[in-house]
Amino acid sequence: MLTDRLNEDMKTAMKARDSARTSTLRMTLAEIKNARIQKGKDLSDDDVIQVLKRAVKQREESATQYREAGRPELAEKEEAEAAVLTAYLPAMLSGEALDAAVKKAIAETGATSMKDMGQVMKAVMGAHGAAVDGKSVQERVKALLGN
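Residues numbered from 1 in each chain as written. Predicted model: local features only at pLDDT ≥ 70, side-chain atom pairs only at ≥ 80, totals over all residues. Heavy atoms only, no water.

**Observations concerning the overall build of the protein**
Scanning the protein from N- to C-terminus turns up 7 helices and 0 strands. The N-to-C order of helical and strand elements in the protein reads α-α-α-α-α-α-α. When the backbone C-alpha atoms are referred to their principal axes, the protein occupies close to 55 × 40 × 25 Å. Relative to its 147 residues, the protein shows a buried fraction of 33%. Total accessible area on the protein stands at roughly 9,100 Å², and carbon and sulfur atoms take up 51% of it. For the protein, the separation between the mean place of its 24 positive charges and that of its 23 negative charges on side chains is 4 Å. (Helix = DSSP H or I, 4+ residues; strand = E, 2+ residues; numbered from the N terminus. Buried < 20%, exposed > 50% of the residue type's maximum accessible area, 1.4 Å probe, protein only. Areas by Shrake-Rupley, 256 points an atom, 1.4 Å probe, with all protein chains shown as cover. Lys, Arg positive; Asp, Glu negative; His and termini not counted. Charge placed at Lys NZ, Arg CZ, Asp CG, Glu CD.)

**Regarding the packing of helix H5 (residues 95-109) against helix H7 (residues 134-145)**
Orientation of H5 relative to H7, taken along the N-to-C sense of each, is 60 degrees, at an axis distance of 10 Å. Relative to H7, H5 is oriented oblique. H7 is crossed by H5, and the crossing has right-handed handedness. Between H5, through Leu98, Asp99, Val102, Lys103 and Ile106, and H7, the contact on the second element is made entirely by Ser136, Val137, Arg140, Val141, Leu144 and Leu145. Counted by class, the contact of H5 with H7 contains 7 nonpolar, 1 polar and 3 charged residues. (Axes fitted to C-alpha atoms, helices over the stretch in contact; angles between N-to-C directions. Parallel < 35°, antiparallel > 145°, perpendicular 65-115°, else oblique. Left-handed = near helix turned anticlockwise from the far one by under 90°. Contact = heavy atoms within 4.5 Å. Nonpolar A, V, L, I, M, F, W, Y, C, P; charged D, E, K, R; others polar.)

**A look at H5**
For H5, built from 15 residues, the straight-helix expectation of 21 Å at 1.5 Å per residue is met to within 8% by its first-to-last C-alpha distance of 21 Å. Within H5, burial applies to Leu98, Asp99, Ala101, Val102, Ala105 and Ile106. Taken down its axis, H5 places every buried residue within 160 degrees of arc, on the same side. Away from its buried face, by an angle of more than 90 degrees, H5 presents the exposed residues Glu96, Lys104, Ala107 and Glu108. Taken together, the buried residues of H5 touch helix H6 (117-128) and H7. Where H5 terminates, the next one or two residues include Gly110, which has phi positive at roughly 70 degrees. (Expected span 1.5 Å × (residues − 1). Arc of directions from axis to C-beta.)

In C-alpha coordinates form, the structure reads like this:
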(Lines give C-alpha, C1' and ligand atoms only; values in the text may rest on other atoms or scores of the structure.)
Protein backbone atom coordinates (compact mmCIF):
# COMPACT_ATOMS: atom_id res chain seq x y z
CA MET A 1 0.00 0.00 0.00
CA LEU A 2 1.00 3.59 -0.52
CA THR A 3 0.77 4.39 3.19
CA ASP A 4 3.30 1.65 3.95
CA ARG A 5 5.65 3.09 1.32
CA LEU A 6 5.31 6.56 2.87
CA ASN A 7 6.10 5.16 6.32
CA GLU A 8 9.15 3.29 5.06
CA ASP A 9 10.42 6.34 3.19
CA MET A 10 9.95 8.46 6.31
CA LYS A 11 12.06 5.98 8.32
CA THR A 12 14.73 6.07 5.63
CA ALA A 13 14.71 9.88 5.65
CA MET A 14 15.01 9.88 9.44
CA LYS A 15 18.01 7.56 9.31
CA ALA A 16 19.60 9.76 6.64
CA ARG A 17 18.90 12.82 8.81
CA ASP A 18 17.00 14.46 5.96
CA SER A 19 14.92 16.78 8.11
CA ALA A 20 13.02 18.45 5.25
CA ARG A 21 11.85 15.15 3.76
CA THR A 22 11.12 13.70 7.20
CA SER A 23 8.92 16.62 8.25
CA THR A 24 7.07 16.64 4.92
CA LEU A 25 6.31 12.92 5.11
CA ARG A 26 5.41 13.15 8.81
CA MET A 27 2.88 15.94 8.14
CA THR A 28 1.41 14.04 5.21
CA LEU A 29 1.06 10.84 7.22
CA ALA A 30 -0.77 12.85 9.88
CA GLU A 31 -3.15 14.17 7.21
CA ILE A 32 -3.71 10.61 6.00
CA LYS A 33 -4.42 9.47 9.55
CA ASN A 34 -6.93 12.31 10.01
CA ALA A 35 -8.65 11.36 6.76
CA ARG A 36 -8.83 7.75 7.93
CA ILE A 37 -10.41 8.83 11.22
CA GLN A 38 -12.95 11.01 9.41
CA LYS A 39 -13.86 8.19 7.05
CA GLY A 40 -14.07 5.68 9.88
CA LYS A 41 -12.16 2.94 8.07
CA ASP A 42 -8.83 2.28 6.40
CA LEU A 43 -8.12 4.30 3.27
CA SER A 44 -7.60 2.77 -0.15
CA ASP A 45 -4.66 3.86 -2.27
CA ASP A 46 -7.05 6.10 -4.25
CA ASP A 47 -8.08 7.83 -1.03
CA VAL A 48 -4.43 8.31 -0.07
CA ILE A 49 -3.72 9.73 -3.53
CA GLN A 50 -6.53 12.25 -3.02
CA VAL A 51 -4.95 13.32 0.28
CA LEU A 52 -1.57 13.65 -1.46
CA LYS A 53 -3.08 15.70 -4.31
CA ARG A 54 -4.72 18.02 -1.79
CA ALA A 55 -1.42 18.41 0.10
CA VAL A 56 0.49 19.20 -3.11
CA LYS A 57 -2.14 21.74 -4.16
CA GLN A 58 -1.99 23.44 -0.75
CA ARG A 59 1.78 23.74 -0.94
CA GLU A 60 1.69 25.11 -4.48
CA GLU A 61 -0.88 27.73 -3.46
CA SER A 62 1.21 28.65 -0.42
CA ALA A 63 4.32 29.01 -2.57
CA THR A 64 2.45 31.37 -4.90
CA GLN A 65 1.26 33.48 -1.97
CA TYR A 66 4.76 33.59 -0.45
CA ARG A 67 6.24 34.75 -3.77
CA GLU A 68 3.63 37.49 -4.05
CA ALA A 69 4.43 38.57 -0.50
CA GLY A 70 8.15 38.79 -1.28
CA ARG A 71 9.18 35.71 0.72
CA PRO A 72 11.07 33.55 -1.80
CA GLU A 73 12.78 31.43 0.89
CA LEU A 74 9.39 30.23 2.20
CA ALA A 75 8.12 29.71 -1.33
CA GLU A 76 11.12 27.50 -2.11
CA LYS A 77 10.46 25.45 1.04
CA GLU A 78 6.83 24.88 0.01
CA GLU A 79 7.88 23.97 -3.55
CA ALA A 80 10.42 21.47 -2.20
CA GLU A 81 7.73 19.85 -0.06
CA ALA A 82 5.38 19.69 -3.06
CA ALA A 83 8.14 18.00 -5.09
CA VAL A 84 8.62 15.35 -2.39
CA LEU A 85 4.90 14.54 -2.40
CA THR A 86 4.53 14.66 -6.19
CA ALA A 87 6.91 11.70 -6.43
CA TYR A 88 4.21 9.53 -4.81
CA LEU A 89 1.47 10.53 -7.26
CA PRO A 90 0.79 8.53 -10.43
CA ALA A 91 1.76 10.08 -13.75
CA MET A 92 -0.86 12.63 -14.73
CA LEU A 93 -2.55 12.77 -18.12
CA SER A 94 -1.88 15.99 -19.97
CA GLY A 95 -1.70 17.41 -23.46
CA GLU A 96 -2.84 15.09 -26.22
CA ALA A 97 -3.60 12.19 -23.87
CA LEU A 98 -5.94 14.39 -21.83
CA ASP A 99 -7.59 15.73 -24.99
CA ALA A 100 -8.13 12.16 -26.22
CA ALA A 101 -9.70 11.13 -22.91
CA VAL A 102 -12.05 14.13 -22.93
CA LYS A 103 -13.01 13.59 -26.60
CA LYS A 104 -13.72 9.92 -25.87
CA ALA A 105 -15.93 10.87 -22.91
CA ILE A 106 -17.78 13.44 -25.04
CA ALA A 107 -18.42 10.78 -27.68
CA GLU A 108 -19.54 8.18 -25.09
CA THR A 109 -21.92 10.56 -23.31
CA GLY A 110 -23.21 12.20 -26.49
CA ALA A 111 -22.48 15.63 -25.05
CA THR A 112 -23.23 18.56 -27.33
CA SER A 113 -23.20 21.63 -25.10
CA MET A 114 -22.01 23.00 -21.77
CA LYS A 115 -25.19 21.59 -20.16
CA ASP A 116 -23.59 18.16 -20.54
CA MET A 117 -20.33 19.17 -18.86
CA GLY A 118 -21.15 17.29 -15.63
CA GLN A 119 -21.67 14.01 -17.49
CA VAL A 120 -18.39 14.41 -19.37
CA MET A 121 -16.48 15.31 -16.20
CA LYS A 122 -17.95 12.28 -14.41
CA ALA A 123 -16.99 9.98 -17.29
CA VAL A 124 -13.40 11.26 -17.48
CA MET A 125 -12.87 11.24 -13.71
CA GLY A 126 -14.40 7.78 -13.41
CA ALA A 127 -12.28 6.32 -16.18
CA HIS A 128 -8.98 7.90 -15.21
CA GLY A 129 -9.39 8.69 -11.51
CA ALA A 130 -6.13 9.75 -9.92
CA ALA A 131 -4.37 10.18 -13.26
CA VAL A 132 -6.23 13.40 -14.08
CA ASP A 133 -6.56 16.77 -12.42
CA GLY A 134 -10.14 17.98 -12.17
CA LYS A 135 -9.26 21.56 -13.04
CA SER A 136 -7.41 20.65 -16.24
CA VAL A 137 -10.23 18.29 -17.26
CA GLN A 138 -12.72 21.10 -16.69
CA GLU A 139 -10.67 23.48 -18.84
CA ARG A 140 -10.43 20.95 -21.68
CA VAL A 141 -14.15 20.15 -21.52
CA LYS A 142 -15.00 23.86 -21.68
CA ALA A 143 -12.68 24.33 -24.65
CA LEU A 144 -14.06 21.34 -26.55
CA LEU A 145 -17.75 21.95 -25.80
CA GLY A 146 -17.44 25.69 -26.37
CA ASN A 147 -17.67 27.78 -23.22
